[in-house]
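# Observations on the model geometry
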Amino acid sequence: MTEEQSSPIVQLPVMGEAAQQSYPTATLYIVATPIGNVTDISVRALHVLGMVDAVACEDTRNTGNLLSRFGLSRPMLAAHQHNEREVADKIVHRLLAGERIALVSDAGTPGVSDPGARIVDAVRAAGLRVVPVPGASAAVTALSASGLVNDQFYFVGFLPAKAKQRETALLQLLTVSATLVFYEAPHRILDCVEALVLVFQPERQVVFARELTKLFEEIHRCPLSDALAWVKADPHREKGEYVVLLEGAAGGSDAQEAEAERILNILLAECSVKQAANLTAQITGRKKNALYDRALVIKGQA
């Protein structure tokens, strides 16, 4: 009896259906794992993790603990952001020998703000097969519970750590009409909110999704003008991983005009009239000469 056959997981009736599906060799399986609640793992993911030759993972301790909770044990390869290129070559070599390898991150779907994309790219470049095994994603989980009515979203991920770079990145997003999706670490959530308040209109709706699927899960929606007060109201809100959703820019010429005016005012605080007009034109697509004339009026030089 093999290790996977001795696991209690294989005794579940539905596992028989999973076992009857096709699992080709020489294939990399991209396996989504829970973002918090361990029971969110899929039946198919459990079957794949129980039958592959090895599991490439961000942290062998975390993945080893996950496997053991389901009675599974597989050889593991460390595949994190510092060795991704090197381990990609090893994985390709093993796949060419006919093995099946699963790729997981510490939580959620690999390659989405987590290591994995370079490995998938190398495997595809070698002409080998990649099979996704879908599951948890913090971004999609937060969107589903947000109530923000928009059929588009723009995944930003983590903003730059430095204030000026963060502000510049946000300015580039001012006119995006899709819901904006950010990831943020607990120690930077105040910096993130302060930057959002500086750049975006106060009436935009923001959703904070903290510790999703975990014991202290919290999902809060409010106008951006109330966001900083909400975070500061409870010291526990500076703990736990965040998904932050921001309502997209309103459509219509009036809203676009207001966006351009807001950008111009922000840039005029740091740049010359000419530089502010040029940058605003690049960001918004509006005519540079009109923006220059408006900047002169704002600065009282017209």
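My aim in this report is to walk through the structure given alongside it, one point at a time. (Residues numbered from 1 in each chain as written. Predicted model: local features only at pLDDT ≥ 70, side-chain atom pairs only at ≥ 80, totals over all residues. Heavy atoms only, no water.)

## Thoughts on the layout of surface pockets
- Looking at the largest pocket, its volume works out to about 530 Å³.
- Every residue lining the largest pocket is counted, 23 residues in all, and those nearest its centre are A107, D114, A138, Y183 and E241.
- The set of elements that each furnish at least two residues to the lining of the largest pocket consists of β7 (179-184) and β10 (242-246).
- Across the lining of the largest pocket, the residue classes break down as 12 nonpolar, 4 polar and 7 charged.
- By volume, the second largest pocket is sized at about 340 Å³. (1 Å grid on protein atoms, 1.4 Å probe; cavity = no way out; pocket = protein on both sides within 12 Å on 5 of 7 lines; lining within 4 Å. Points joined across faces, edges and corners; volume = space filled by probe spheres on them. Helix = DSSP H or I, 4+ residues; strand = E, 2+ residues; numbered from the N terminus. Nonpolar A, V, L, I, M, F, W, Y, C, P; charged D, E, K, R; others polar.)

## Quick look at the sheet that holds strand β2 (residues 54-57)
- Here we have 5 strands laid out as an open sheet, ordered β3-β2-β4-β1-β5, and parallel in their pairing. Each of the sheet's edge strands pairs with one partner strand only, and the pair in question is β3 (76-78) and β5 (129-133). Geometrically, the sheet is characterised by an average inter-axis angle of 25° between neighbouring strands, direction not taken into account.
- Where strand β1 (residues 27-31) lies against β5, 5 bridges are found, and the strand directions are parallel. Considered in β5, the bridge of Y29 is made with V131.
- Here helix α3 (residues 43-51) sits on the sheet and contacts β1, β2, β4 (100-103) and β5; the angle it forms with β5, its principal contact strand, is near 135°.
- On top of the sheet, helix α4 (residues 60-69) reaches β2 and β3; it is set at about 155° to β3, its chief contact. (Pairing = 2+ DSSP bridges. Axes fitted to C-alpha atoms, helices over the stretch in contact; angles between N-to-C directions. Contact = heavy atoms within 4.5 Å.)

## Quick word on the environment of E238
- Within the fold, E238 resides in the loop between α10 (227-232) and β10.
- A residue is classified by how much of its surface remains accessible, and E238, at 36% relative accessible area, is partly exposed.
- When the C-alpha atoms of E238 and P186 are compared, they prove to be 5.0 Å apart, with 52 residues separating the residues in sequence.
- If sequence neighbours within four positions are ignored, E238 has contacts with P186, I189, L190 and V231. (Buried < 20%, exposed > 50% of the residue type's maximum accessible area, 1.4 Å probe, protein only.)

## Overview of α4
- Every buried residue belonging to α4 is among T63, L66 and L67, and all of these are buried. Projection of α4 onto a plane perpendicular to its axis shows the buried side chains occupying an angular sector of 95°, all on one side. In α4, the exposed residues that point more than 90 degrees away from the buried face are R61 and R69.
- In this fold, the buried residues of α4 make contact with α3, β2 and β3.
- Measuring from the side-chain oxygen of the N-cap residue of α4 to the backbone nitrogen of R61 gives 2.8 Å; that N-cap residue is D59.
- Positioned one or two residues after α4, G71 has a phi angle of 70°, which is positive. (Arc of directions from axis to C-beta. Polar contact = N/O pair within 3.5 Å; in protein donor to acceptor, adjacent residues only side chain to side chain.)

## Describing the pairing of β10
- Of all 5 residues in β10, 5 are buried, a share of seventy percent or more.
- Alternating residues of β10 divide into Y242, V244 and L246 and V243 and L245, and every residue in both groups is buried.
- In this structure, β7 lies alongside β10, joined through 5 bridges in antiparallel fashion. The partner of Y183 across the bridge, within β10, is V243.
- Relative to β10, strand β8 (residues 205-210) runs antiparallel, the two sharing 5 bridges.

## A look at the side chain of E211
- Secondary-structure assignment places E211 in the loop between β8 and β9 (218-223).
- Residue contacts for E211: discarding those within four places in its chain leaves F216, E217, G240 and E241.

## Section: the packing of aromatic side chains
- Counted by the stated rule, this structure contains 5 aromatic pairs.
- Ring plane angle 80° and centroid distance 5.1 Å describe the contact between F155 and Y183, whose orientation is recorded as edge-to-face. With F155 in strand β6 (residues 153-158) and Y183 in strand β7, the pair connects residues that are 28 residues apart, well separated along the chain.
- With relative accessibility at 30%, the residue F155 sits in the partly exposed group.
- Here the aromatic rings of F208 and W230 are separated by 5.1 Å at their centres, their planes lie at 15°, and the arrangement is stacked. (Phe/Tyr/Trp six-rings, centres within 6.5 Å; stacked < 30°, edge-to-face > 60°.)

## A closer look at the sheet that holds β10
- In spatial order, the strands read β6-β7-β10-β8-β9; together these 5 strands make up an open sheet with mixed pairing. The sheet terminates laterally at β6 and β9, the two strands that pair on one side only. Averaged over all pairs of adjacent strands, the angle between strand axes in this sheet comes to 15°, irrespective of strand direction.
- Sheet analysis places β6 next to β7, joined by 5 bridges and oriented parallel. The residue bridging F158 from the neighbouring strand is Y183, located in β7.
- Relative to β10, helix α9 (residues 189-199) is tilted by about 5°, and along the sheet it contacts β7, β8 and β10.

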